[in-house]
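For reference, the chains in residue letters:
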Amino acid sequence: MANKGWSQLWLDYEEKQKAAGKACADQETVEVKIDGFNADCRIIKSAVKELKRALAGDAVKVTLAKNEKIAKEGYVVDKNVVSASDCRGALYGVFHLIRARLMGQEYADIAADHAPSNPLRMMNHWDNMDGSIERGYSGRSFFYVNDEIVVDERTVDYARFMASIGINGIVINNVNVKWAATDLITTRFFDKVKELSDVFEDYGIRLYLSLNFASPIELGGLPICDPLDESVINWWKDKIKEVYDHLPNLGGFLVKADSEGRPGPFTYGRTQADGANMLGDIIAPYGGIIIWRCFVYNCTQDWRDTKTDRARAGYDYFKGLDGEYHENVILQIKNGPMDFQIREPISPLLGGLTKTNQMLEVQIAQEYTGHQIDLCYLIPMFKEILGFKTYCKEGADTVADVVSGRTMGNKLAGMAAVINTGNDFNWTGNDLAAANLYGFGRLAYDTDLSAEEIAREWVRLTFNLDAELEDKLVDMLLRSREIYEKYTSPLGIGWMVTPHDHYGPSVDGYEYSRWGTYHRADHLGLGVDRTDKGTGYAQQYYSPNAEMYNDPNTCPENLLLFFHHIPYTWKLKSGQSLIQYIYDSHFEGCKEAEELAETWKEFEGKVSERSFANVSERFGRQVYNAREWRDQVNSYFYRKSGIEDEKGREIY
Ligand code: GCV
């Protein structure tokens with residue numbers, strides 16, 4: 001599909017047909033019978049189109065059957081019959097059938113019965129209207145060029161990819177809503193947003209917009225945006241009516257307020273609930289929802305202040321308002337209390353809130369995990385997050401339970417990812433980073449899938465490898481997160497990255513800054529004391545997690561430095577001292593990154609030349625990066641501690 005100018009990712013039907021020896025695949029061989037669904041439904045039409053393209057060459061009759069007993073957006077597939085109670089479910093079932101065929105299953109063996117784990121399965125774009133992407137590592141935006149919205153064939157392919165992995169909501173603009181993006185809710189852009197929303201609707205996807213909380217000032221000319229002020233409320237009422245007159249299918253708004261310089265209710269002495277509920281009440285009659293982010297913290301901290309702890313902020317600001325948020329408001333909570341580090345504990349707000357709709361936010365854009373240069377398959381991390389036992393309730397208390405709505409019976413619940421796409425040929429910068437794009441959607445739809453199952457599916461759908469190479473690639477993906485962790489910041493402490501850019505090492509880069517992201521290394525040890533004697537963050541968890549984290553002897557070692565200030569001579573369970581662990585893990589991680597690059601050489605001639613070249617170039621940069629990290633971290637801690645490497649290796 002190279003002639004299109006962009007890859008077909010895991011839906012490259014032509015390649016698969018070629019690989020299966022069906023060179024001139026004929027769509028006419030595929031017959032689709034519609035039983036009980038409205039054949040004019042736009043989603044059903046997309047499903048039929050997709051079946052014909054994907055299965056071309058198969059002499060098959062597929063039936064799409066309506067069955068009211070099947071769960072919302074779920075499906076049953078039995079050989080060549082796809083049943084569902086709604087059109088989205090039918091489309092997902094169709095993609096299941098296609099997946100099974102592309103992975104080599106015969107119709108006679110295809111059997112599936114699935115209901116989505118999460119009601120909301122969303123992608124968040126941090127695309128700006130000038131075409132740049134905040135934390136984007138895959139080229140420019142494919143939604144915007146020079147402050148104009150683009151809707152073209154690529155947009156349609158994008159919607160197909162998202163539907164194929166079960167995504168049902170997409171936020172099309174950056175949460176930092178600035179400049180032209182504020183105008184997305186004005187006549188300047190309504191027609192184009194509507195066009196985009198129609199493309200999404202064809203694939204069962206709702207379009208959402210990020211909202212500028214200061215719109216009453218910036219668009220309305222009001223002097224304030226106080227959520228309890230009558231004139232502000234009236235302005236929003238008129239505005240939201242106007243928006244829905246033009247965009248009747250809009251899902252709602254995502255709001256970043258009082259965060260990193262963005263406007264919000266705090267300016268007027270109001271709470272986060274005041275802001276969210278005001279918008280929620282106004283949008284409710286239109287069936288819209290307000291997704292309110294909990295990424296609220298003081299980003300003007302004095303590094304000498306050891307009592308203020310950024311990790312505490314989300315819980316401190318939001319827990320006290322539990323139960324005050326209205327029914328169509330949902331809080332979106334980052335997986336960790338800091339900011340998408342390679343390892344962090346789980347945010348104590350997840351499950352800490354017991355009377356509030358909540359959803360999980362993760363980041364597949366690799367801001368802190370290698371910029372889609374370094375290989376870092378994130379699904380194992382997401383599995384850990386979902387599997388975390390919060391102890392918020394007897395039974396059904398994991399993060400997966402909480403964010404699916406099972407724990408507290410919420411209808412509004414789910415998962416969102418900050419997306420890793422751009423207009424690069426391969427969409428994700430590194431061909432292998434598409435595993436995270438694919439994997440997030442599959443996991444959000446079915447949180448029981450394992451990281452390995454997802455990796456294998458993606459590998460098999462994307463490439464045509466023999467069993468041995470398939471195993472190798474799956475293994476590379478599965479090991480990649482730990483490898484990245486080993487050569488970067490140790491044992492949960494995070495950061496140590498080049499300020500602002502966030503790629504490459506700078507151990508003290510954020511140490512004396514205002515962002516609240518300190519490692520607190522001195523000549524005796526490192527780590528942040530977040531125990532009851534320190535910042536008290538550990539106490540934000542339920543028992544027994546609180547006690548477990550509070551004690552360095554029971555704290556999981558991979559989070560030791562997040563919760564404790566530990567001497568370099570501290571003995572880890574392996575018998576190694578902390579300083580020796582730092583040296584060893586950095587040498588090891590770097591060596592393993594070199595091995596990944598070496599193993600990739602075996603794929604030459606087995607994947608397309610383009611893929612081979614793309615990934616080889618990335619591995620070259622990863623190895624360079626890993627060496628930089630190893631040398632900078634090791635020499636920093638050698639100089640600080642004055643303790644020699646037991647193994648006598650050269651530390652620069
Ligand atoms: C969109 C981090 C990133 C910012 C991002 C912010 C957020 O701080 O570095 O680029 O802003 O998170 O999630 O709002």
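Now for a description of the structure that goes with this document.

Turning next to the side chain of Asn176. With respect to the element layout, Asn176 can be found in the loop between strand 9 (169–171) and helix 5 (190–202). A distance of 2.8 Å separates a polar atom in the side chain of Asn176 from a polar atom in the side chain of Lys256. Beyond its immediate chain neighbours, meaning those up to four positions away, Asn176 contacts Asn128, Glu134, Lys256 and Arg262.

The next point concerns the layout of surface pockets. Empty space within the largest pocket amounts to approximately 720 Å³. Broken down by secondary-structure element, the contributors of at least two residues to the lining of the largest pocket are strand 6 (120–124) and strand 10 (206–211). For the lining of the largest pocket, the residue count by class is 14 nonpolar, eleven polar and eight charged. No fewer than three residues from each of domain 1 (11–114) and domain 2 (120–462) sit in the lining of the largest pocket.

All right, on to the pairing of strand 14 (residues 358–363) then. Burial of strand 14 is extensive: six of the six residues sit out of reach of the surface. The alternating pattern of strand 14 places Gln358, Leu360 and Val362 on one face and Met359, Glu361 and Gln363 on the opposite face, and all of these are buried. Of the strand pairs in this sheet, strand 13 (residues 329–334) and strand 14 are connected by four bridges, and their pairing is parallel. Among the inter-strand pairings, Gln332 is bridged to a residue of strand 14, identified as Met359. Relative to strand 15 (residues 414–418), strand 14 runs parallel, the two being bridged by five bridges. Among the inter-strand pairings, Gln363 is bridged to a residue of strand 15, identified as Val418.

Taken as a whole, this structure holds twelve cavities of 30 Å³ or more when the rule is applied. Volume-wise, the largest cavity comes out at about 170 Å³. What lines the largest cavity is a set of 18 residues, and nearest its centre among them are Cys294, Phe295, Gly314, Gly336 and Pro337. Secondary-structure elements contributing two or more residues to the lining of the largest cavity are helix 9 (313–318) and strand 13. With three residues, the single largest contributor to the lining of the largest cavity is helix 9. Of the residues in the lining of the largest cavity, the class split is twelve nonpolar, four polar and two charged.

Let us now look at the site of the ligand. Close contacts around the ligand come from 14 residues, with Glu134, Lys256, Arg293, Lys334 and Glu367 the closest. The side chain of Lys334 places a nitrogen or oxygen atom 2.6 Å from an oxygen atom of the ligand. Asp339 has a polar side-chain atom sitting 3.0 Å from an oxygen atom of the ligand. When the ligand is considered free in solution it has 340 Å² of accessible area, and contact with the protein chains removes 96% of it. Each residue belonging to the shell around the ligand can be placed in one class, and the counts come to three nonpolar, three polar and eight charged.

Here we come to the sheet that holds strand 13. Spatially, the eight strands close up into a barrel ordered 6-9-10-11-12-13-14-15, and their pairing is parallel. This sheet shows a mean twist of 25° between the axes of neighbouring strands, independent of strand direction. Helix-sheet contacts for helix 5 involve strand 9 and strand 10, and the interaxial angle to strand 10 is about 140°. Contacting strand 14 and strand 15, helix 10 (residues 379–387) runs over the sheet at an angle of about 160° to strand 14.

At 3.6 residues per turn, the α-helix brings residues three or four places apart onto the same side. Here helix 2 (residues 42–55) contains 14 residues, and its C-alpha end-to-end distance of 20 Å stays within 8% of the 20 Å for a straight helix at 1.5 Å per residue. Those residues of helix 2 lying buried are Ile43, Ile44, Ser46, Ala47, Val48, Glu50, Leu51, Ala54 and Leu55. Tucked inside the fold, the buried residues of helix 2 contact helix 1 (13–19), strand 1 (30–35), strand 2 (60–66), helix 3 (87–102), helix 4 (153–164) and helix 5. Within two residues after helix 2, Gly57 carries a phi angle of roughly 100°, on the positive side.

All told, the structure shown has zero disulfides when counted by the stated rule. With no disulfide of its own, Cys299 has Cys294 as its nearest cysteine by sulfur position, at a separation of 16 Å. This cysteine, Cys392, is not joined by any disulfide, and Cys294 carries the nearest cysteine sulfur, 16 Å off. Accessibility expressed as a relative area gives 16% for Cys392, which makes it buried.

Before going further, it helps to examine the sheet that holds strand 1. Strands belonging to one sheet form pairs held by backbone hydrogen bonds; the direction of such a pair is parallel or antiparallel. With mixed pairing, five strands are arranged side by side in an open sheet as 1-2-4-3-5. Where the open sheet ends on each side, the last strands, each with one partner, are strand 1 and strand 5 (111–114). On average, each strand axis in the sheet is inclined to that of its neighbour by 15°, with strand direction left out of account. Of the strand pairs in this sheet, strand 3 (residues 75–78) and strand 4 (residues 81–84) are connected by three bridges, and their pairing is antiparallel. Within strand 4, the residue paired with Asp78 across the bridge is Val81. Seen against the sheet, helix 2 touches strand 1 and strand 2 and runs at an angle of roughly 155° to strand 1.

Parameters and conventions
Residues numbered from 1 in each chain as written. Predicted model: local features only at pLDDT ≥ 70, side-chain atom pairs only at ≥ 80, totals over all residues. Heavy atoms only, no water. Helix = DSSP H or I, 4+ residues; strand = E, 2+ residues; numbered from the N terminus. Polar contact = N/O pair within 3.5 Å; in protein donor to acceptor, adjacent residues only side chain to side chain. Contact = heavy atoms within 4.5 Å. 1 Å grid on protein atoms, 1.4 Å probe; cavity = no way out; pocket = protein on both sides within 12 Å on 5 of 7 lines; lining within 4 Å. Points joined across faces, edges and corners; volume = space filled by probe spheres on them. Nonpolar A, V, L, I, M, F, W, Y, C, P; charged D, E, K, R; others polar. Domains from an automatic or database assignment. Buried < 20%, exposed > 50% of the residue type's maximum accessible area, 1.4 Å probe, protein only. Pairing = 2+ DSSP bridges. Near = heavy atom within 4 Å. Areas by Shrake-Rupley, 256 points an atom, 1.4 Å probe, with all protein chains shown as cover. Axes fitted to C-alpha atoms, helices over the stretch in contact; angles between N-to-C directions. Expected span 1.5 Å × (residues − 1). Disulfide = S-S within 2.5 Å.

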